[in-house]
Amino acid sequence: MKKILLLAVAVIFTAMFVSPSFAVDASFDGQYRVRAITVENAKDFDNAKNADKDSWIDQRFRLGITMKEAPVTGYVQLQIGGSNGPNSSKVWGANSDTDAVNGTNLSVVARQAYLDFPVGPLQLRVGRTYASHGFLAGGMFENIADRYIVTYKASPELVVSFIHAKASEVSTGTSAGQAAANTGVSADGNDNDKNIYNIGFVYKPEGAPFDLAARVYYVRDGLNYLLSTTGASTAGGTWDAYWLTAQANIKLNPINIYLSAAYVDGESNPANTSTGYDIQGYALHADVNATFGPAKIGVVGGIGSGDDNTGDNKLETFFAPGRA
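Read on for an overview of the structure. What you see is a predicted model, and the numbers here were worked out from it, not measured in a lab.

The rules behind the values
Residues numbered from 1 in each chain as written. Predicted model: local features only at pLDDT ≥ 70, side-chain atom pairs only at ≥ 80, totals over all residues. Heavy atoms only, no water. Patch = residues over 30% accessible without salt bridge, like charges linked within 9 Å, V, L, I, M, F, W, Y side chains within 5 Å. Areas by Shrake-Rupley, 256 points an atom, 1.4 Å probe, with all protein chains shown as cover. Salt bridge = Lys/Arg side-chain N within 4 Å of Asp/Glu carboxyl O. Helix = DSSP H or I, 4+ residues; strand = E, 2+ residues; numbered from the N terminus. Phe/Tyr/Trp six-rings, centres within 6.5 Å; stacked < 30°, edge-to-face > 60°. Buried < 20%, exposed > 50% of the residue type's maximum accessible area, 1.4 Å probe, protein only. Lys NZ or Arg CZ within 6 Å of the ring centre and 35° of its normal. Contact = heavy atoms within 4.5 Å. Core = buried A, V, L, I, M, F, W, Y, C linked by side-chain atoms within 4.5 Å.

### Description of a nonpolar patch on the surface
Turning to step 1, where the next piece is worked out: On the surface, a nonpolar cluster with roughly 720 Å² of combined accessible area is contributed by Tyr32, Val34, Ile57, Phe61, Leu78, Ile80, Trp92 and Val108.
Turning to step 2, where the next piece is worked out: Among the secondary structure elements, those contributing two or more residues to the nonpolar patch are strand 1 (25–39), strand 2 (54–69) and strand 3 (72–80).

### Some points on the packing of aromatic side chains
Turning to step 1, where the next piece is worked out: One pass over the structure, following the stated rule, counts 8 aromatic pairs.
Turning to step 2, where the next piece is worked out: With 6.4 Å between their ring centres and 25 degrees between their planes, Tyr197 and Tyr218 make a pair best called stacked. Of this pair, Tyr197 sits in strand 11 (residues 194–203) while Tyr218 is found in strand 12 (residues 210–221), placing the two residues 21 residues apart along the sequence.
Turning to step 3, where the next piece is worked out: Taken together, a centroid distance of 6.4 Å and an interplanar angle of 75 degrees make the contact between Trp239 and Trp243 edge-to-face. Grouping residues by exposure puts Trp239 and Trp243 together as buried.
Turning to step 4, where the next piece is worked out: For the cation-ring pair, Arg111 lies above Tyr130, with the distance from its terminal atom to the ring centre recorded as 4.8 Å.

### Comments concerning the pattern of salt bridges
Turning to step 1, where the next piece is worked out: Applying the stated criterion to the full structure yields 5 salt bridges.
Turning to step 2, where the next piece is worked out: The salt bridge partner of Asp58 is Arg35, with a shortest N-O separation of 3.0 Å. In this pair, Asp58 sits in strand 2 while Arg35 sits in strand 1, placing the two residues 23 residues apart along the sequence.
Turning to step 3, where the next piece is worked out: Using a relative accessible area of 4% as the deciding quantity, one classes Asp58 as buried.
Turning to step 4, where the next piece is worked out: Among the ionic pairs, Asp193 bridges to Lys166, the shortest N-O distance being 3.1 Å. Of this pair, Asp193 sits in the loop between helix 2 (175–181) and strand 11 while Lys166 sits in strand 10 (residues 158–168), placing them 27 residues apart in sequence.
Turning to step 5, where the next piece is worked out: The class of Lys166 is partly exposed, set by a relative accessible area of 24%.

### Description of unusual backbone geometry
Turning to step 1, where the next piece is worked out: The linkage connecting Ala70 with the following residue, Pro71, adopts the cis geometry, with an omega of 5 degrees.
Turning to step 2, where the next piece is worked out: In this structure, Pro71 sits in the loop between strand 2 and strand 3.
Turning to step 3, where the next piece is worked out: Cis geometry marks the peptide bond from Asn253 to Pro254, where omega comes out at 10 degrees.

### Remarks on the environment of Gly302
Turning to step 1, where the next piece is worked out: Checked against the element boundaries, Gly302 lands in strand 18 (residues 295–304).
Turning to step 2, where the next piece is worked out: Through-space distance from the C-alpha of Gly302 to that of Ala286 is 6.2 Å; in sequence the pair is 16 residues apart.
Turning to step 3, where the next piece is worked out: What Gly302 contacts, discounting residues up to four positions off in sequence, is Leu284 and His285.

### Focus on the environment of Trp239
Turning to step 1, where the next piece is worked out: By the secondary structure assignment, Trp239 is in strand 15 (residues 237–252).
Turning to step 2, where the next piece is worked out: Taking relative accessible area as the criterion, Trp239 reaches 1% and is therefore assigned buried.
Turning to step 3, where the next piece is worked out: Along the backbone, Trp239 and Ser268 are 29 residues apart, and their C-alpha atoms lie at a distance of 4.2 Å.
Turning to step 4, where the next piece is worked out: Sequence-distant contacts of Trp239, defined by excluding residues within four places in its chain, comprise Lys194, Val219, Arg220, Asp221, Asn224, Tyr225, Leu226, Glu267, Ser268, Ile279 and Phe319.

### Brief notes about the nonpolar core
Turning to step 1, where the next piece is worked out: Residues Trp239, Trp243, Ile279 and Phe319 are the most contacted members of the largest nonpolar core, which totals 18 residues.
Turning to step 2, where the next piece is worked out: Contributions of two or more residues to this core are made by strand 12, strand 13 (224–226), strand 15, strand 16 (255–270) and strand 17 (277–292).
Turning to step 3, where the next piece is worked out: Contacts of Ile279, omitting those with residues within four sequence positions, involve Leu226, Trp239, Asp240, Val264, Asp265, Gly266, Glu267, Ser268, Leu315 and Phe319.

Structural measurements only, silent on function.
If you want it as structure tokens, here you go:
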């Protein structure tokens, strides 16, 4: 009798834990891509040498799972690929999971995992997310990082958002050792992190054939500085910078015009010098295209600043805030 009673209690408790799951709505999405790629002179741009001609076929599969129990929504996206970045693929002909040429190809990684839930008039997204917006159809800021996104719909036409992304976390209890090993690194591990902040808006007037957007980015890296000669990230210093961006998308059926501009200003501070040096740059982009049935024809152009004098202790090469 005691065993039967114990079993009945166990069943009741199990039901208590399991029953809420039936209230969760789940849906799935997926992407499968196969590409044939041929490159020639992509590295040295030298026709005479012809030493960098190559071709291969790759594939990528993503599975997304959305779980919703009002008002909270959760999303997980799995990807068959490697650890070579968010766009890594399984290359045809890679013979093992750790192929010496193609890297790790067969592993399954969690590309995204986040929660969406309302907080009063705000919408909050927390977790690891993919972000793409701004200059060059997403190239201004495109990465996967741990972040929180606060969105406020001020009106049917205006949406404002604030984003804080943690690009790297160094304050994990070893800050004193890091300071000893890297000259100029703060003994306070919190100062060694890399943080990305941005605030912006999207304005879409009802019935108008255009929309506008603008963002301000701020990035601070407390563990590295940028070389004035090449812009390479180097340990033992700090750098920080602001970006101002603006975009306009104009739709004049069948013609679409996309314009964007960005300006960066900041400072790089090597630990072994008493003063830092300036970071300045700009970029412009235009995309004009027209759609005729299944066909799309267009012209894309862009220009960005470069560093004409690598010896003037100033970095003038434009780069995006989402850079590694």
